[in-house]
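Overview (structure and organization)
Chain by chain, the residues run as shown.
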Amino acid sequence: MVTSIEEPRIRPEWLLGGAVTLLGAIVIIVVTLVLGSGEEEPVVTPADATELTAGTCAEDLRQPHWVPDSVRRAVVECPADISAGIGRTTAEDHLGTWIVYPLDGAENQETFRGGPGPAWPEDEVRSGAYHPASAITYVAYPGSAELSDEMSGDNVMVEWVDLAESGLDARVTRVDNNGFGPVRVEWSDDAGSYLLLGTMGRTPTGGSGPTVAELIRIADSVAAEDE
Amino acid sequence: MPTTRTWLQAGGGTVAAALIIAAVVQAMNSSAMWVSNDPVGECGQTSGGAVVAAQNVLSASTGLEPVDGSWDAESEVATKAFQAHNGLPVNGCVDTGTWVTMRAYVISLCDPEFDCRGPDHRVRYAAPGGAREAYFADNDCDWGSYVLPGVAHTPVTSNKIMALSRDAVVEIECEG
């Protein structure tokens, strides 16, 4: 009896199927890579906000350790820069250091298109559609013990708030225009006096800028972790 | 009969009291000037130092140009945009509520207890092309606006020209 053993054969349809599968996999990988490359790198908010001023003149300044998640960067202006900007009319050691934290998000972006004028539709202007970018301004005056003169006015609300973490008191000045308007938080400690300024802005979709609670939390973070 | 010593004591006390009262009044007037700019626009002045002060803030907040102390349609639109974003009634007039709101954006450049020379307060807005700024000066008797760039600077009440770009900045003079 003769038994014939057939050699294993690769059937053509298998080859075709494998090739199609491989090609499909490659297409999927390539498409995924191409689409992925268009996405922005995930933004990582630093664990400590002082990292935002690393390498600047504010590096060793007493400053916020916490900022809202919508803050991705900081712009530092040193006393030397400010002095140069005002014609060097005053000693640098009496000038404050400014740290400006721009806020991310569509509602916080500047919406001006050209200068103010007839090209800005009246109804859009009235809705708050034309507004500047939102930012939180922090100014430190090292060695100072005083705050600015207290504001007054029918739409001005001034109150002193306990900063829970640092144990300090801060003066919160709100110019309250139907829930919107600028907010100033000012306080002092053994190293100097400080100011935070933000705007609770009105926009067509609601609001922009930081909340009062966020500004107070920023203020509280300045001294809390330095001690 | 009062003695000479009594007269001297009484006179000295009167002078000291007068000086204290004058200092308090001066301080109150100084604060009042910062928070009570004259109304500007259709409801008030349309030219002069008060207009410059309002336009100066509007230049920083909305990009208004030029800041020349002459109220115009562009200034009114800028005011409306400022008012709307700050929750104010939108009427294009820099009334007291609007000016107080503008004033809240003014930040001291120097230590609050230090008497800076020249421009010592600033409004600063972050902007895509770089910050927009407006400068002011303040002392015990008066305050005024610095307008960049150039030398057209118009204090509100003393009507004295102050130049930011000149070698020697002219200070506001307190008379009397």
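We now turn to the structure provided with this report. Computed from a prediction, not measured in an experiment: that's the story for all the values here.

Points about the packing of aromatic side chains
Taken as a whole and assessed by the stated rule, the structure comprises seven aromatic pairs over all chains. Taking 5.3 Å as the distance between ring centres and 10° as the angle between the ring planes, the aromatic pair formed by A:Phe112 and A:Trp120 counts as stacked. For A:Phe112, a relative accessible area of 13% corresponds to the buried category. With a centroid separation of 6.0 Å and an interplanar angle of 70°, the aromatic rings of B:Phe82 and B:Tyr105 are classed as edge-to-face. Taken together, the positions of B:Phe82 in helix H3 (residues 73-85) and B:Tyr105 in the loop between helix H4 (96-103) and strand E1 (107-108) put the pair 23 residues apart, joining distant regions of the chain. In terms of burial, B:Phe82 and B:Tyr105 fall into one category: buried. One aromatic cluster is present, built from ring pairs that chain together A:Phe112, A:Trp120 and A:Tyr130. Directly above the ring of A:Trp98 sits B:Arg122, whose terminal nitrogen or CZ lies 4.0 Å from the centroid.

Topic: the interface of chain A and chain B
With 59 residues of chain A at the contact, the number on the chain B side is 47 residues. Together, the buried faces of chain A and chain B total about 4200 Å²; carbon and sulfur atoms form 60% of this surface. Linking chain A with chain B are four salt bridges. Between B:Lys80 and A:Glu122 there is a salt bridge, with its nearest N and O atoms 3.2 Å apart. For the interface between chain A and chain B, the tally reads 19 residue pairs in polar contact (both at pLDDT 80 or more). Counting residues per element, the ones that place at least two in the side of chain A that touches chain B are strand E1 (75-77), helix H2 (79-85), strand E2 (97-102), helix H3 (122-127), strand E3 (135-142), strand E6 (181-188) and strand E7 (192-203) of chain A. A per-class count over the side of chain A that touches chain B returns 28 nonpolar, 22 polar and nine charged.

Some remarks on the state of the cysteines
All names here are of chain A. Evaluated as defined, the whole model comprises two disulfides over all chains. Disulfide partner of cysteine 57: cysteine 78, at an S-S distance of 2.0 Å. Residues cysteine 57 and cysteine 78 share a disulfide whose torsion about the S-S bond is about -105°; that sign makes it left-handed. Of this pair, cysteine 57 sits in the loop between helix H1 (12-38) and E1 while cysteine 78 sits in the loop between E1 and H2, and the two are 21 residues apart along the sequence. Take cysteine 57: its relative accessible area is 40%, and that puts it in the partly exposed class. With relative accessibility at 17%, the residue cysteine 78 sits in the buried group.

Cut-offs and rules
Residues numbered from 1 in each chain as written. Chains lettered and ligands numbered in written order. Predicted model: local features only at pLDDT ≥ 70, side-chain atom pairs only at ≥ 80, totals over all residues. Heavy atoms only, no water. Phe/Tyr/Trp six-rings, centres within 6.5 Å; stacked < 30°, edge-to-face > 60°. Buried < 20%, exposed > 50% of the residue type's maximum accessible area, 1.4 Å probe, protein only. Helix = DSSP H or I, 4+ residues; strand = E, 2+ residues; numbered from the N terminus. Lys NZ or Arg CZ within 6 Å of the ring centre and 35° of its normal. Contact = heavy atoms within 4.5 Å. Buried area = accessible area lost by both parts, 1.4 Å probe. Salt bridge = Lys/Arg side-chain N within 4 Å of Asp/Glu carboxyl O. Polar contact = N/O pair within 3.5 Å; in protein donor to acceptor, adjacent residues only side chain to side chain. Nonpolar A, V, L, I, M, F, W, Y, C, P; charged D, E, K, R; others polar. Disulfide = S-S within 2.5 Å.

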